[in-house]
Amino acid sequence: MNLCCKAAGLCHSVTMKSKYSQYYNKSLITYHYAYAKNMTANETKEQYKVKKQLTELNIVLVILCTIIILENLLVLLAVFRNKKFHSAMFFFIGNLAFSDLLAGSAYIANIFLSGPKTLELVPVQWFIREGTAFIALAASVFSLLAIAIERFIAITKVKVYGSTKTCRMFLLIGACWVTSILLGGLPILGWNCINNLPDCSTVLPLYSKQYILFVVSIFTLILLSIVILYVKIYLIVRSSRQEATNSQAYALFKTVTIVLGVFIICWLPAFTVLLLDSSCSMQLCPVLSNAHVFFGLATLNSALNPMIYVLRSKDMRREFLRVLCCWGVLQSGRPSERCLVQLKSSSSMEHCTNKFEHQTTPIMQTCTTCV
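The chain goes by Sphingosine 1-phosphate receptor 2 in an unreviewed UniProt entry, where it is assigned to Ataeniobius toweri. Among the UniProt annotations of the chain, the heading Sequence similarities (unreviewed entry) holds the following wording: "Belongs to the G-protein coupled receptor 1 family." Among the UniProt annotations of the chain, the heading Subcellular location (unreviewed entry) holds the following wording: "Cell membrane".

Let's shift gears to the side chain of threonine 44. With respect to the helices, strands and loops of the structure, threonine 44 is situated in helix H3 (residues 41-49). Threonine 44 gets classed as buried once you look at its relative accessible area, which sits at 0%. Looking at threonine 44, its side chain comes within polar contact range of the main-chain oxygen of threonine 40, at 2.9 Å.

The subject of this paragraph is the confidence of the model for the chain. Taken as a whole, the chain shows an average pLDDT of 77; of its residues, 75% reach a score of 70 or greater. Across the chain, helix H2 (residues 28-37) holds the top mean pLDDT of 89, while helix H12 (residues 348-354) sits lowest at 43. Under a pLDDT of 50 for its full length, residues 1-16 has, in the predicted model, 28 contacts with residues more than four places off or in other chains. Note on residues 340-371: pLDDT under 50 across the span, and 86 contacts to partners over four residues away in sequence or across chains.

Contact pair helix H4 (residues 56-81) / helix H10 (residues 291-309): the axes reach a minimum separation of 9 Å and the direction vectors enclose 25°. In this view, H4 runs roughly parallel relative to H10, as classed from their interaxial angle. Crossing of H4 against H10: the hand is left-handed. In this structure, H4 uses Leu57, Leu61, Leu64, Cys65, Ile68, Glu71, Asn72 and Val75 to contact H10, whose residues at the interface are His292, Val293, Gly296, Thr299, Leu300, Ser302, Ala303, Leu304, Pro306 and Met307.

This part takes up the pattern of salt bridges. For the coordinates displayed, the defined rule picks out one salt bridge. For glutamate 130, the salt bridge is made with arginine 129, and the minimal N-O distance between the two is 2.6 Å. In this pair, the class of glutamate 130 matches that of arginine 129, namely buried.

The rules behind these values
Residues numbered from 1 in each chain as written. Predicted model: local features only at pLDDT ≥ 70, side-chain atom pairs only at ≥ 80, totals over all residues. Heavy atoms only, no water. UniProt positions renumbered as here; feature names shortened; annotations may be inferred. Helix = DSSP H or I, 4+ residues; strand = E, 2+ residues; numbered from the N terminus. Buried < 20%, exposed > 50% of the residue type's maximum accessible area, 1.4 Å probe, protein only. Polar contact = N/O pair within 3.5 Å; in protein donor to acceptor, adjacent residues only side chain to side chain. pLDDT = per-residue confidence, 0-100. Contact = heavy atoms within 4.5 Å. Axes fitted to C-alpha atoms, helices over the stretch in contact; angles between N-to-C directions. Parallel < 35°, antiparallel > 145°, perpendicular 65-115°, else oblique. Left-handed = near helix turned anticlockwise from the far one by under 90°. Salt bridge = Lys/Arg side-chain N within 4 Å of Asp/Glu carboxyl O.

Right, dumping it as structure tokens:
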């Protein structure tokens, strides 16, 4: 403890206080950041004073998050406005869009509360800043899992679009948010490293290394679960005896490859940094000082999800254009009333969500291309 106090330059009886009573201790953030960086308190304060609020990277990330918010808001408006999209699968996509929208909003808030403002926060504010981002990003990941679960059940169960379907939809969406809130809220509930400096994360100095390892393990299991579910879906499609099986299976495999590839590319660097954080100090692993870059890359996944899951639907693309037209973005000299014309065609995804409303066979044999 003496070594810790010497490194931080704050030799007060912090560890003698209750963990929860320190949630409003104004000096605790400085204390933990100094320990994580192996600096004195004064050195830490000076370092954060000269930091820019908006660096070039932060400006790029703010622009990216603004795009995330706008494109996911567009998805939500399209689902809300068009009754053709008031079906279970589109509600799942809307839930994914909502979680990605929150992820973009939370990351913007995180950027503006970071830098020189970091040391001005009290622990409870810091936990809310980081926890909100964790909840939003976790909800996005859990939404991907919920979509995979729903699609797997949809091709293996009988009458999947009745009242049981609606109940399952709300259960999956509810479980997605409850689990995300619990996962992101664990540190503020007590799973943190206050009063236990050796257990503190280097990247997130108030988080326990054990908690970081737990979160990475959960996300890794989610990734493996998504892979397993989509592989099973692919095998079911391949085993069906429909004439269009080969083309449908290829379309399914192609979409799954894109989804999993983007997920891995965006999240693997962040997972790797967090794994290093749980077992390595900043002195031995200098890459930890640039962890914010990898978190920014993970946020990119929230911008790509709408393109992968939604823009592959012809009807959704047309609805996007109608919304933009009504906003005056894409008038192109056409009468504004034409923006309100209902869609007449139907995409493969639309067939997937509507055609099997009264399905009585366990496999959706003609609806396997909509992933």
